[in-house]
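So the chains spell out like this:
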Amino acid sequence: MKDIAQALGVSVATVSRALKDSPRISVERREAIKAYANAHNFFPNALAESLRNSRVHPIRVIGVIMPQINHFYFSSILSGIEEEASARGYRLMVAQSGEQYEREVRICQSFFENKVCGVIVSQAKNTVKYDHFQKLIDNGVPLVFFDRICTGVNSSRVVVDDYMGAFNAVRHLIETGCRKIAFYGAPMNLEISKNRYNGYHDALVRFGLSVEEKYIRICDNRADAESITPEMLRMVDHPDAFFAINDDTAIGILYTAKSMGFRVPQDISICGFTNGERAIACDPMLTTVEQRGKVVGEEAANILIGHVEGFIPHDKVEKRVVRTRLIVRGTSR
């Protein structure tokens, strides 16, 4: 606006009023200022405008922290958040932690400095200290966790029923004749990994099978699955089934098993957890647990906006669980 004012020989206040169609500025001058602004690609900064008005109305920008945006599950959650937020007049400021604690801390600080009205977050894998989350809450910024929740902070959250999703998947493998079922999971500091492991464990116990440490690995990506699985399949009593914490890991198992000459599902059954697009792009198509990421995002945005607008008190911890369902395809019998 300073550039426009200097070029046209008027004050910055005049430019501001003209761009807002103030009747205090003549029609001729308003049109001249608007024409110059359009010709030079000037657009008002919506975020700056929100900040100026934030003393009267809270800024309607939600901060979202994703571990990885390019992961199907997280991108589907983001889609759900965006649709719900947009329908209710909110914008998003999105950042990804890249699974790095230090980066996550910086993002939280940046969101606080930019005065977002609230934050929706799935924590990084290696986050074990939670001061940056608690700081937001202590300063009146509503916080909602999804997927990877933080048990060290008393805050609202949305999760899928990881335990029952895993239990039902392993039950399916057992009911189709599998007896030596391996588990590939994420680090156990994450609640989702604990819950999915517990579902795996309890299904084995429930149906009279032993839980054997030699069949359990920390492995939550395709590259590691392709590295670890050959050793597992060379065992004399190798697994006859694998339950993986996500689809990418399951596809890594599938690729490795086939490359080693095993038939899927005749020799080896495989089940993932996500039901992303890759689950139907492999051969055979993947049996997996559907997480319904878009619904998770919609619920998280709904809770956050409820806190911001006062429908849900700031001190009330809202907990919602999105149900999963098992999708049986070609990698299980």
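Computed from a predicted structure; not experimentally measured. Positions within a chain are numbered from 1, following the residues in the order the chain's sequence is written. Local features are withheld for residues below a pLDDT of 70 in this predicted model, meaning they are given only at 70 or higher, and side-chain atom pairs are given and counted only at 80 or more; totals for whole chains, interfaces and linings count all residues. Side-chain descriptors were evaluated using all non-hydrogen atoms of the structure, hydrogens and water having been removed beforehand.

(A) Quick peek at the packing of helix H6 (residues 101-113) against helix H7 (residues 131-138). Axis separation between H6 and H7 bottoms out at 9 Å; the angle between their running directions is 15 degrees. When the interaxial angle is binned, H6 and H7 end up roughly parallel. For H6 against H7, the interelement crossing comes out left-handed. Residues Tyr101, Glu104, Val105, Cys108, Gln109 and Phe112 of H6 pack against His132, Phe133, Lys135 and Leu136 of H7. Lys, Arg, Asp and Glu make up the charged group, whereas Ala, Val, Leu, Ile, Met, Phe, Trp, Tyr, Cys and Pro make up the nonpolar group; the residues left over, Gly among them, are polar. Looking at side-chain class alone, the contact of H6 with H7 contains six nonpolar, two polar and two charged residues. An axis is simply a line fitted to the C-alpha atoms; with a helix, the fit covers only the stretch in contact. Between two such axes, the angle follows the N-to-C directions and lies from 0 to 180 degrees. Note on conventions: DSSP H or I runs of at least 4 residues are helices, E runs of at least 2 residues are strands, and numbering of each starts at the N terminus. Convention used here: angles under 35 degrees read as roughly parallel, angles over 145 as roughly antiparallel, angles from 65 to 115 as roughly perpendicular, and any remaining angle as oblique. Throughout, a crossing is termed right-handed when the near helix is turned clockwise from the far one, and left-handed when it is turned anticlockwise from it by less than a right angle. Residues count as neighbours in contact if any of their non-hydrogen atoms are within 4.5 Å of one another.

(B) Examining the nonpolar core more closely. Counting residues in hydrophobic clusters, the biggest one holds 87 residues, and the most contacted among them are Ile62, Val119, Ile120, Ile181, Tyr184, Tyr200 and Phe243. Ranked by the residues each element gives to this core, the list is headed by helix H12 (residues 293-309), at seven residues. Contacts of Ile120, omitting those with residues within four sequence positions, involve Ile62, Gly63, Val64, Ile65, Ile81, Val144, Phe146, Ala300, Ala301 and Leu304. Put simply, buried Ala, Val, Leu, Ile, Met, Phe, Trp, Tyr and Cys residues joined by side-chain atoms within 4.5 Å make one nonpolar core. Burial here depends on accessible area, computed with a 1.4 Å probe over protein chains only, as a share of the maximum for the residue type. Under 20% is buried, over 50% is exposed, and the range in between is partly exposed. Residues Ala5, Val10, Val15 and Ile33 belong to the second largest nonpolar core, which totals eight residues.

(C) A look at the sheet that holds strand S5 (residues 156-160). Strands qualify as paired when DSSP identifies two bridges or more between them. Strand order in the open sheet made by the six strands is S2-S1-S3-S4-S5-S11, with parallel pairing throughout. Bordering the open sheet on either side are strand S2 (91-96) and strand S11 (319-322), each of which pairs with just one other strand. Between one strand axis and the next, the sheet turns by 15 degrees as a mean value, whatever way the strands run. Inspection of the sheet shows strand S1 (residues 61-66) paired to strand S3 (residues 118-121) by four bridges, in the parallel sense. Considered in S3, the bridge of Val64 is made with Ile120.

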